[in-house]
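# Report on the structure
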Amino acid sequence: MNLMIVTPYFYPKMGGVEKYVYEISLRLNKKYGIDPVIICSNWDNDRYKEDFIDGIKIYRLPYLFKISSTPINPFWNKKLHSIIDKENPDIINGHIPVPYIADVVARIVHRKNIPFVLTYHNDLTGYNPLVRLLSKAYYYTLGFKTFDLSQRIIVTSEYYAKNSPYLKKYYQKLRIVSPGIDVKKYNINRTNYLKGKYNLKDEKIVLFVGQLNKESQHKGLDYLIKAVKIVSDSINVKLIIVGTGNYIEYYKNMAESYGMTSRVIFAGYIDDSDLPKYYNESDVVVLPSYNRAEGFGMVLIEALACGTPVIGTTVGGIPYAIKNDEDGLLVPPKDSEALADAIKQILTDEKLAEGMGRRGYERVNKEFTWEKSTENFLEIVREVLGE
């Protein structure tokens, strides 16, 4: 089988979508002998580039400009035609929510009569009125036509599929492939790594992991900083923020304005190999996203795989990743008071936290592994190809 995957960005840039594509591609190669070919934009934006990573062939195309986080180049069309003709794929899998490149390919392969499967990670929302307007316009100019051209549309959870206003018309096309975790990497292994690295003593640790870009404001970090301020009035707590981005100074200034400089640690970029140490030593991991741009919340299942309880909000795909009152707590979005109460509940009840962590570990290892995700994805591809 010749499989091509089209995604806005790819490894070594690592957000949720990039990790999803990388992990499944890796297992297709290692376990099933399928050599996926990746087409993506060149994150460095300097030139056209071909390379290999872990047996995966990658075509990186330079973009001319970005709208929000969307790379765009009106001249990609000819190059995409050329690469597709050269690789001669049996089927192509495109990924959004970051639009454009997958939309262009969907139209090209429709004319070439090549099956196209779309993986739809989350709705486009936007972080300001202009971007929200452009996001909505996307569906009526490109998105719905791409949905029409797709033989199947993969979503990360049935919960999200049922709650997306854009997918209702396409319900018969929908299939589920949830994200997973690497059970060899993410597991229970308690250490004193953070205490040594950050000179911590008896502080309770609240952990946030996510991109700190302006385009990622939907992750709600500002509400978490305010919540931890409330918690710190009664509990000796540290908030560790893992991630980098162009909005980091905004969050640093916010922490300073709340008098939280000594309570907040900006850890910066943390390599994947070290991230399990952060999950393992934290008392709770929080993802306070406030809109449907959060299609799943992979950091939540990574934390649960390490036996650490989690807190999320009742938006996007988070209620699928967290079973409320079983392995974590769900709170309303944009509610720092409710978030603070949930953090206090877990930090002050050791038995509750331990039970949530244990149940989360068991559920994730049963339901969310990359091996299972890859198997489900391959089943859909074979269904489309009639194998």
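This report concerns the structure included in the present document. Residue numbers run consecutively from 1 along every chain, following the written order of its sequence. Side-chain atom pairs in this predicted model are given and counted only at pLDDT of 80 or more, local residue features only at pLDDT of at least 70, and totals for whole chains, interfaces and linings cover all residues. To obtain the side-chain values, all non-hydrogen atoms of the structure were included, while hydrogens and water were left out.

### Observations regarding the pattern of salt bridges
Side chains that differ in sign of charge can pair as their charged atoms come close. Salt bridge criterion: a side-chain nitrogen from Lys or Arg within 4 Å of a carboxyl oxygen from Asp or Glu. Applying the stated rule across the entire model yields 18 salt bridges. A salt bridge links Lys112 to Asp85; the nearest nitrogen and oxygen atoms lie 2.8 Å apart. Pair noted here: Lys112 is in helix H3 (residues 101–112) and Asp85 is in helix H2 (residues 76–87), with a separation of 27 residues, a long-range link. The cut-offs for exposure are 20% and 50% of the maximum accessible area for each residue type, with area from a 1.4 Å probe on protein chains only; residues under the lower value are buried, those over the upper are exposed, and the others partly exposed. Judged by its relative accessible area of 27%, Lys112 falls in the partly exposed class. For the salt bridge of Arg175 with Glu383, the shortest nitrogen-to-oxygen distance reads 3.0 Å. Here Arg175 is found in strand S10 (residues 174–176), whereas its partner Glu383 is found in helix H14 (residues 370–385), with 208 residues between them in sequence. Relative accessible area serves as the criterion here: at 24%, Arg175 is assigned to the partly exposed category. Going along the chain from the N terminus, every DSSP run of H or I of four or more residues is numbered as a helix, and every run of E of two or more is numbered as a strand.

### Some remarks on helix H10 (residues 298–305)
In an α-helix there are 3.6 residues to a turn, and that puts residues three or four apart on one side. Burial of H10 is extensive: eight of the eight residues sit out of reach of the surface. Along H10, the positions that sit buried rather than exposed are Met298, Val299, Leu300, Ile301, Glu302, Ala303, Leu304 and Ala305. Two residues or fewer after H10 comes Gly307, characterised by a positive phi angle close to 75 degrees.

### Section: the pairing of strand S3 (residues 49–53)
The pairing criterion for strands is at least two bridges between them, as found by DSSP. Sheet topology places S3 next to strand S4 (residues 56–61); five bridges connect them, and they run antiparallel. Within S4, the position partnered with Phe52 by the bridge is Lys57. Here S3 hands over to S4 after two residues, with Asp54 in that stretch at a positive phi of 55 degrees.

### So, the sheet that holds strand S1 (residues 3–6)
Taken together, the eight strands give an open sheet; going across it, the order is S3-S4-S2-S1-S7-S8-S9-S10, and neighbouring strands pair in mixed fashion. The open sheet has two edge strands with one neighbour each: S3 and S10. Within the sheet, the average angular offset between the axes of one strand and its neighbour, ignoring direction, is 25 degrees. Sheet topology note: the strand S7 (residues 91–96)/strand S8 (residues 116–120) ladder contains five bridges and is parallel. Each bridged residue has a counterpart across the sheet, and for Ile92 the counterpart in S8 is Phe116. Here, residues are in contact when the closest pair of their heavy atoms is within 4.5 Å. Axis geometry follows a simple rule: fit a line to the C-alpha atoms, using only the stretch in contact for helices, then measure angles between N-to-C directions, giving values from 0 to 180 degrees. Packed on one face of the sheet, H2 meets S1, strand S2 (37–41), S3, S4 and S7 and runs near 160 degrees to S4. In this fold helix H4 (residues 129–149) packs onto S7, S8 and strand S9 (152–155), with an angle of close to 125 degrees to the strand it touches most, S8.

### Let's talk about the sheet that holds strand S13 (residues 264–268)
Taken together, six strands build an open sheet; the order of strands is S13-S12-S11-S14-S15-S16 and the sheet is parallel. Each of the sheet's edge strands pairs with one partner strand only, and the pair in question is S13 and strand S16 (328–331). Sheet twist, expressed as the mean angle between neighbouring strand axes with direction ignored, is 25 degrees. Contacts from helix H7 (residues 221–232) reach strand S11 (204–209), strand S12 (237–242) and strand S14 (284–287) within the one sheet, and its direction differs from that of S12 by about 165 degrees.

### Focus: helix H8 (residues 248–257)
Listing the buried residues of H8 in full gives Ile248, Tyr251, Met254 and Ala255. Projected onto a plane normal to the axis of H8, the buried residues spread over an arc of 120 degrees and lie on a single side. Within H8, the exposed residues directed more than 90 degrees away from the buried face are Glu256 and Ser257. Elements that come into contact with the buried residues of H8 comprise H7 and S13. Trailing H8 by a residue or two, Gly259 shows a phi angle of about 70 degrees, which is positive. This arc corresponds to the set of directions leading from the helix axis out to the C-beta atoms.

### Observations concerning the pairing of S13
The side chains of a regular strand alternate, first on one face of the sheet and then on the other. For S13, the tally of buried residues reaches four of five residues, placing the bulk of the element in the interior. With four bridges joining them, S12 and S13 adopt parallel strand pairing. Paired with Leu239 across the bridge in S13 is Val264.

### Regarding the packing of aromatic side chains
Here is the rule: rings of Phe, Tyr and Trp (six-membered ring for Trp) pair when centre to centre is within 6.5 Å. Planes less than 30 degrees apart are stacked, more than 60 are edge-to-face, and the remainder are tilted. Throughout the structure, instances matching the rule amount to 24 aromatic pairs. Seen in terms of ring centroids, Tyr20 and Trp370 are 5.9 Å apart; in terms of plane orientation they differ by 80 degrees. Their pairing is edge-to-face. With Tyr20 in helix H1 (residues 16–32) and Trp370 in helix H14, this pair connects stretches of sequence that are 350 residues apart. Both residues of the pair, Tyr20 and Trp370, belong to the buried class. When the centroid spacing of 6.3 Å and the interplanar angle of 65 degrees are considered together, the rings of Tyr198 and Tyr278 count as edge-to-face. Taken together, the positions of Tyr198 in helix H6 (residues 193–198) and Tyr278 in helix H9 (residues 275–281) put the pair 80 residues apart, joining distant regions of the chain. Grouping aromatic residues by their ring pairs yields a cluster made of Tyr120, Tyr138, Tyr139, Tyr140, Phe144, Phe147, Tyr166 and Tyr170.

### Topic: the nonpolar core
Grouped together as the largest cluster of nonpolar side chains are 96 residues, with contacts concentrated most on Val206, Leu224, Ile240, Tyr278, Tyr279 and Ile343. Residues contacting Val206, with those up to four places away along its chain left out, are Leu224, Val228, Val237, Lys238, Leu239, Ile240, Val284, Val286, Ile343 and Leu347. What makes a nonpolar core is a set of buried Ala, Val, Leu, Ile, Met, Phe, Trp, Tyr and Cys residues whose side-chain atoms join them at distances within 4.5 Å. Judged by nonpolar contacts, the second largest core, of 39 residues, contains Ile84, Ala106, Leu118 and Val155.

### Notes on the packing of H7 against H8
Following both chains from N to C, one finds H7 and H8 inclined at 20 degrees, their axes separated by 10 Å at the closest point. Judged by the inter-axis angle, H7 sits roughly parallel to H8. The chirality of how H7 crosses H8 is right-handed. Seen from H7, the contacting residues are Leu221, Asp222 and Ile225; seen from H8, they are Tyr250, Tyr251, Met254 and Ala255. Classifying every residue of the contact of H7 with H8 by side-chain character gives six nonpolar, no polar and one charged. Between 65 and 115 degrees an angle is taken as roughly perpendicular, under 35 as roughly parallel, over 145 as roughly antiparallel, and anywhere else as oblique. Here a crossing is called left-handed whenever its near helix is offset anticlockwise from the far helix by less than a right angle, and right-handed whenever the offset is clockwise. Under the scheme applied here, ten amino acids are nonpolar (Ala, Val, Leu, Ile, Met, Phe, Trp, Tyr, Cys and Pro), four are charged (Asp, Glu, Lys and Arg), and all others, including Gly, are polar.

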